[in-house]
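Below, each chain spelled out in residue letters.
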Amino acid sequence: MIRLLTISAAVCLAMAATPLLAAEKPVDPYVQSNANAGVTPFAGDEMLRAFHGPQGVSRIVDEMLARVTTDPRTKEIFAATDMERLRRVLKEQIVYILGGKVDYTGRDMKTAHRDQGVQQTDFNILVEHLQTAMDHEHVAFRAQNRLLAKLAPMERDVVVR
Ligand code: HEM
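Residues numbered from 1 in each chain as written. Predicted model: local features only at pLDDT ≥ 70, side-chain atom pairs only at ≥ 80, totals over all residues. Heavy atoms only, no water.

Quick notes on the site of the ligand
Next, step 1: The full set close to the ligand counts 22 residues, and R85, Y104, R107, H113 and Q116 are the nearest of them.
Next, step 2: Contact distances for the ligand include 3.4 Å between an oxygen atom and a side-chain N or O atom of T81.
Next, step 3: A distance of 2.8 Å is found between a nitrogen atom of the ligand and a side-chain nitrogen or oxygen belonging to H113.
Next, step 4: Listing elements by their share of the shell around the ligand, those giving two or more residues are α4 (83–97), α5 (109–113) and α6 (120–136).
Next, step 5: When residues of the shell around the ligand are assigned to their parent elements, the largest contribution, five residues, is made by α4.
Next, step 6: When the residues that make up the shell around the ligand are grouped by side-chain class, the tally is 14 nonpolar, five polar and three charged. (Near = heavy atom within 4 Å. Polar contact = N/O pair within 3.5 Å; in protein donor to acceptor, adjacent residues only side chain to side chain. Helix = DSSP H or I, 4+ residues; strand = E, 2+ residues; numbered from the N terminus. Nonpolar A, V, L, I, M, F, W, Y, C, P; charged D, E, K, R; others polar.)

In structure tokens, the structure reads:
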């Protein structure tokens, strides 16, 4: 009995120390839609398999974000960003575009980048870091290029004119 109580107390302490939900900051209301992802997804599962599934995408996004948020040329842009949210919705967006059975729950690209002051050179730097991350994940060159071709037109909504 005493042993059981000790275990329960230990479990309670562990629960108190770990927040139940990830601490994302609230954003202004918006209409959720897969159309917010900005492009039509690839058909079938060939592309998602080429990226080693959602886990592969997760590793790629984590590495790319680690790079852009520490690169002295781009890190200031992310200084006020809720990285918890960005990490989550960016993974959703890429898995969705690659043909995964997930919904993209983030904002459209124009709204998301409206006040970020992203320049053309920043866009190119992010793409370079994405390529490095895809290389490290051993994504085939052709599959890398097919994703980049989907992302390229988003530049008009991301970059400040
Ligand atoms: C094709 C390229 C890009 C894609 C697909 C993309 C995707 C996204 C997504 C999904 C979000 C989150 C939307 C939400 O919170 O609802 C976001 C936010 C953001 N992006 Fe991008 N992005 C791109 C390019 C860039 C570039 C080049 C930069 C700067 C180097 C950048 C900086 C940011 C920042 C700072 C935020 C956070 C905005 C906030 O704090 O509210 N993005 N992006």
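Continuing now.
Structural notes on the side chain of E92
Next, step 1: Mapping E92 onto the fold places it in helix α4.
Next, step 2: Among the polar contacts made by the side chain of E92, one reaches the side chain of R88 at a distance of 3.0 Å.
Next, step 3: Contact partners of E92, with chain neighbours within four places excluded, come to V102, D103, Y104, T105 and G106. (Contact = heavy atoms within 4.5 Å.)

Digging into the confidence of the model for the protein
Next, step 1: A residue-level look at the protein finds 86% of positions with pLDDT of 70 or above and a mean pLDDT of 91.
Next, step 2: A low-confidence stretch, residues 7–17 (pLDDT under 50), is modelled with zero contacts involving residues beyond four sequence positions or located in other chains. (pLDDT = per-residue confidence, 0-100.)

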